[in-house]
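Residue-level structural notes
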Amino acid sequence: MVDSLRRFLLFAETKDRQIVLTLSALVLIVGIPYSLFRGDHLTYLDAQSFYKIANNLAFAQFFSEDGQHPTAWRAPGYPFFLSVPVWLGADIAHLRMLNFVALSLSIYVLSATLRSVASPLAGLTAAVLVCS
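Rules behind the numbers
- Residues numbered from 1 in each chain as written.
- Predicted model: local features only at pLDDT ≥ 70, side-chain atom pairs only at ≥ 80, totals over all residues.
- Heavy atoms only, no water.
- Helix = DSSP H or I, 4+ residues; strand = E, 2+ residues; numbered from the N terminus.
- Rg over C-alpha atoms; globule rule 2.2 N^0.38 Å.
- Buried < 20%, exposed > 50% of the residue type's maximum accessible area, 1.4 Å probe, protein only.
- Contact = heavy atoms within 4.5 Å.
- Areas by Shrake-Rupley, 256 points an atom, 1.4 Å probe, with all protein chains shown as cover.
- Lys, Arg positive; Asp, Glu negative; His and termini not counted.
- Charge placed at Lys NZ, Arg CZ, Asp CG, Glu CD.
- Expected span 1.5 Å × (residues − 1).
- Salt bridge = Lys/Arg side-chain N within 4 Å of Asp/Glu carboxyl O.
- Phe/Tyr/Trp six-rings, centres within 6.5 Å; stacked < 30°, edge-to-face > 60°.
- Lys NZ or Arg CZ within 6 Å of the ring centre and 35° of its normal.
- Polar contact = N/O pair within 3.5 Å; in protein donor to acceptor, adjacent residues only side chain to side chain.

Before going further, it helps to spend a moment on the overall build of the protein. Across its full length, the protein holds six helices and zero strands. Listed by position from the N terminus, the elements making up the protein come as α-α-α-α-α-α. Expected size for 132 residues packed as a compact globule is a radius of gyration near 14 Å; at 19 Å, the protein overshoots this value by more than 25%. In terms of its C-alpha atoms, the protein occupies a principal-axis envelope of roughly 65 × 30 × 25 Å. Buried positions account for 30% of the 132 residues belonging to the protein. Counting only contacts in the protein whose residues sit at least 6 apart along the sequence, the fraction spanning at least 24 positions is 58%. When the accessible surface of the protein is split by element, carbon and sulfur atoms take 69% of a total near 8,600 Å². Positive and negative charge centroids in the protein, built from 9 and 8 side chains respectively, lie 9 Å apart.

Relative to the 22 Å expected for 16 residues at 1.5 Å per residue, helix α3 (residues 45–60) spans 21 Å between its end C-alpha atoms, a close match to the ideal helical length. Looking at α3, one finds that the buried residues are Ser 49, Phe 50, Ile 53, Ala 54, Asn 56, Leu 57 and Ala 58. A positive backbone phi angle near 50° is found at Gln 61, which sits one or two residues after α3.

This part is about the pattern of salt bridges. Any two side chains of opposite charge can pair, given that their charged atoms come close. The full count for this structure, using the stated rule, is two salt bridges. Close ionic contact of Arg 7 with Asp 3 constitutes a salt bridge, the shortest N to O distance being 3.6 Å. Of the two residues, Arg 7 and Asp 3 are both situated in helix α1 (residues 2–14); the distance of four residues between them amounts to about one turn of the helix. For Asp 3, a relative accessible area of 47% corresponds to the partly exposed category. Notably, a salt bridge pairs Arg 115 with Asp 16, separated by 2.8 Å at the nearest N-O pair. With Arg 115 in helix α5 (residues 92–117) and Asp 16 in helix α2 (residues 16–38), the pair connects residues that are 99 residues apart, well separated along the chain.

A word on the packing of aromatic side chains. This structure, assessed with the given rule, holds four aromatic pairs. Ring geometry for Tyr 34 against Phe 100: centres 6.1 Å apart, planes inclined by 85°, an arrangement best described as edge-to-face. With Tyr 34 in helix α2 and Phe 100 in helix α5, the pair connects residues that are 66 residues apart, well separated along the chain. Given the relative accessible area of 39%, Tyr 34 is considered partly exposed. Here Phe 50 and Tyr 78 contribute two aromatic rings whose centre-to-centre distance is 5.2 Å and whose plane-to-plane angle is 90°, an arrangement assigned as edge-to-face. Taken together, the residues span a long stretch of sequence, with Phe 50 in helix α3 and Tyr 78 in helix α4 (residues 77–87) at a distance of 28 residues. For Tyr 78, a relative accessible area of 32% gives the class partly exposed. In textbook terms, an aromatic cluster arises when at least three aromatic residues are bridged by ring pairs, as seen for Phe 50, Tyr 78 and Phe 81. Arg 74 extends its terminal NZ or CZ atom over the ring of Phe 50, reaching a point 5.5 Å from the ring centre.

Attention now goes to the side chain of Asn 56. Within the secondary structure, Asn 56 sits in helix α3. A relative accessible area of 15% places Asn 56 in the buried class. Polar contacts involving the side chain of Asn 56 include one to the main-chain carbonyl oxygen of Ser 64, which spans 2.5 Å. Setting aside its immediate chain neighbours within four residues, Asn 56 contacts Gln 61, Phe 62, Ser 64, Glu 65, Asp 66 and Gly 67.

Right under this line is the structure:
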């Protein structure tokens, strides 16, 4: 039992980069078709709100949900991030794909950071936990 655990940990430490890249790729492989399947449907109220604010930022240069009254209810970073692709013509499915690309990159960056600060196993563990 202990020997098999040691072999597993040794494998994980030597193949951590490949495993993390595989996890990041799987996020994209699953996320992009999921985005296309979901289409332009927004289920959650906060997603609808962020999308409205991003549209108003892109086309009216106004941080508002309704285009009439300014709001401070939502954090500004995410709508600003979405406003550029919206201005370029992205629809909801494209924005959802962009979220999966950002998630995939985040998994890799988090893993690389923890690998350099702590250990390869810490980076791999973080990547697996983000994916779970």
